[in-house]
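What the coordinates show
Okay, here's what each chain looks like letter by letter:
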Amino acid sequence: RELPWLLRWFPLLVVLRPLVDSLYFLKEVSPLASPPYLVGVVTPILAIAALVKFRFPPFGKVDKAFMHWSIIVLLNCFFLLLYDPLSLLTLEFLLKLSLPVYLFFFLRLLIRDLRDLHGILQSFLYAGIFIVGILLFEVLVNPIRIEESRGLQRIQGSFGDVVSYGMYITFAISAATYFYFARNHVVAQKKRVILVGVVAFFGILGLLNIHHTATYTVFLIITALFLLFNFRKGSPALGFVMIIIVGIGISYFGSSIVDEKIAPLIETDLAVYSGELDTDRLLHGRVGRWRVMLEKFSSESVPVQFFGYPLKFDYVFQFIGIGSHNDFIRMLFATGILGLILYIRMLFMFFRRSILLGPAQRFLLYATFAALLFYSISVTPTFYAPFMYFTMAVFAYTVLP
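Quick look at the structure, then. (Residues numbered from 1 in each chain as written. Predicted model: local features only at pLDDT ≥ 70, side-chain atom pairs only at ≥ 80, totals over all residues. Heavy atoms only, no water.)

Quick notes on the overall build of the protein chain
Summing up its helical and strand segments, the protein chain has 15 helices and two strands in all. For the protein chain, contacts bridging at least 24 residues in sequence account for 72% of all contacts bridging at least 6. Only carbon and sulfur atoms are counted for the fraction: they give 69% of the accessible area of the protein chain, which is about 18900 Å². (Helix = DSSP H or I, 4+ residues; strand = E, 2+ residues; numbered from the N terminus. Contact = heavy atoms within 4.5 Å. Areas by Shrake-Rupley, 256 points an atom, 1.4 Å probe, with all protein chains shown as cover.)

What follows is the structure in structure tokens.
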């Protein structure tokens, strides 16, 4: 309530975003009737309006690194616009490609201290209530939508894909475990443990029904980080209790969960490692796709390889969109070798800021990096608005003096 409206809209959008995403199917009626599309158009307008109205904080080295990468991204957006300026598809890609750029600089304006970061993270926990409601309905009453993959049935609500469920599980467990450390002096340990326990329960319930390998991996990494930080900076006693609980759970349910929920997801990969299948079948056939796409990219002209596919002034949306199923490869196609180098350099500079953070904030940055990097292997998280809301909020806080 203390924020001016040109800033207040963002935490409200975070809370409402699951509802917005659940109406994704309305795009089949008309793009103008799809809330995600409408929000995608309005968000940069509001972000730019705030950047024009309010004074931007002093630029640091990381801001400059982000700006260098942003220039390459926006340059390629300009190339796409020159190729087909009147297409709705072009507009969609312009908004998605530029999403991290205008979000980061807007959040640098919004997040001036730790309290602002906590407001955004708290908003993600509120947003999770809607996700829990949908999850319970699908599990207890009737699935809204089912997708079959690798012999498993995945629930995905009315979202565009199963990744949306996975992202919100990741955000919720990251925020809850972060608050466990960050509020250790102001909130009783019992309440903080209850929050983590409730979020973990619904997170595991979701994991066992969405069957998403990247989310499984990130959830386990965040859990391991939580245990590690508990032993080093938190409550070692709680860490031991968690290990005992996890050990008991694995002994009773581990084998059945692995056989029924996890083994089908990695069956093909195990067959590749044993020599039964070709390496192209790794990661559900993604490696073969990457090889073909990279071979085609390597045959392009030097300027296209250096600056990205949009410089071809041709129909290249299949390369710069989600088709590669890998965000680093998508980044290579969309911004070229130069853009990918600048992106990795920028991420490294964000990560290096961890040495300046307190234990709780360092934990949050590590959890955010785990999510970004492991999702980037098999999907394109920079194309998902909620993923960028969370990641760029953490990054914006990280670069504060």
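Notes on the packing of helix 14 (residues 359–378) against helix 15 (residues 385–398)
Viewed as axis vectors pointing N to C, helix 14 and helix 15 meet at an angle of 140 degrees, and their least axial separation amounts to 10 Å. When the axes of helix 14 and helix 15 are compared, the pair comes out oblique. Here the hand of the crossing between helix 14 and helix 15 comes out left-handed. Across the interface between the two elements, Q361, L364, L365, T368, F369, A371, L372 and Y375 from helix 14 touch F387, M388, F390, T391, V394, F395, Y397 and T398 from helix 15. The class makeup of the residues in the contact of helix 14 with helix 15 is twelve nonpolar, four polar and no charged. (Axes fitted to C-alpha atoms, helices over the stretch in contact; angles between N-to-C directions. Parallel < 35°, antiparallel > 145°, perpendicular 65-115°, else oblique. Left-handed = near helix turned anticlockwise from the far one by under 90°. Nonpolar A, V, L, I, M, F, W, Y, C, P; charged D, E, K, R; others polar.)

As for the packing of helix 3 (residues 61–83) against helix 4 (residues 88–110)
Contact geometry of helix 3 with helix 4 gives a least axis separation of 10 Å together with a crossing angle of 160 degrees. Looking at the two axes, helix 3 sits roughly antiparallel to helix 4. Regarding helix 3 and helix 4, the two cross each other, and that crossing is left-handed. Touching D63, F66, M67, W69, S70, V73, L74, C77, L80 and L81 of helix 3 are T90, F93, L94, L97, S98, P100, V101, F104, F105 and R108, all from helix 4.

Focus on the packing of aromatic side chains
Applying the stated criterion to the full structure yields 46 aromatic pairs. Plain terms: the ring middles of F297 and F333 are 5.2 Å apart, the flat faces sit at 50 degrees to each other, and that makes the pair tilted. With F297 in helix 10 (residues 282–298) and F333 in helix 13 (residues 327–352), the pair connects residues that are 36 residues apart, well separated along the chain. Look at F297 and you get buried, because its relative accessible area is 5%. (Phe/Tyr/Trp six-rings, centres within 6.5 Å; stacked < 30°, edge-to-face > 60°. Buried < 20%, exposed > 50% of the residue type's maximum accessible area, 1.4 Å probe, protein only.)

As for the nonpolar core
Ranked by size, the top nonpolar core spans 117 residues in total, and within it F10, I111 and I320 carry the most contacts. Broken down by element, the residue count for this core peaks at 14 residues, all from helix 6 (residues 163–182). Non-local contacts of F10, meaning those with residues more than four positions away in its chain, are made with L103, F106, L107, L110, I120 and Y389. (Core = buried A, V, L, I, M, F, W, Y, C linked by side-chain atoms within 4.5 Å.)

Looking at a positive patch on the surface
A cluster of basic residues, K61, K64, R345 and R352, forms a positive patch at the surface. If you trace the backbone, R345 turns up in helix 13. (Patch = residues over 30% accessible without salt bridge, like charges linked within 9 Å, V, L, I, M, F, W, Y side chains within 5 Å. Salt bridge = Lys/Arg side-chain N within 4 Å of Asp/Glu carboxyl O. Lys, Arg positive; Asp, Glu negative; His and termini not counted. Charge placed at Lys NZ, Arg CZ, Asp CG, Glu CD.)

Brief notes about helix 7 (residues 189–210)
If you check helix 7, its first and last C-alpha atoms are 31 Å apart, about what 22 residues at 1.5 Å a residue would give, namely 32 Å. By the burial criterion, the buried members of helix 7 are R192, V196, V199, A200, G203, G206, L207 and I210. Buried residues of helix 7, viewed axially, fall in a sector of 130 degrees; they line one side. Across from the buried face of helix 7, at angles greater than 90 degrees, the exposed residues are K190, K191 and F201. On the buried face of helix 7, the contacting elements are helix 5 (114–141), strand 2 (152–155), helix 6 and helix 8 (213–232). Positive phi shows up at H211, right after helix 7, with a value of about 50 degrees. (Expected span 1.5 Å × (residues − 1). Arc of directions from axis to C-beta.)

A look at helix 6
Residues three or four positions apart in an α-helix share a direction because the helix packs 3.6 residues into each turn. Its 20 residues place the ends of helix 6 28 Å apart at the C-alpha level, agreeing with the 28 Å of an ideal helix rising 1.5 Å per residue. Across the 20 residues that make up helix 6, a large majority, 19, are buried.

Considering unusual backbone geometry
Not every positive phi belongs to a glycine, and H211 is a case in point at roughly 50 degrees. Along the chain, H211 turns up in the loop between helix 7 and helix 8. On the basis of relative accessibility, which here comes to 4%, the residue H211 falls in the buried class. With a phi close to 50 degrees, F313 is a non-glycine residue in the positive phi region. Residue F313 is classed as partly exposed on the basis of its relative accessible area, which comes to 38%.

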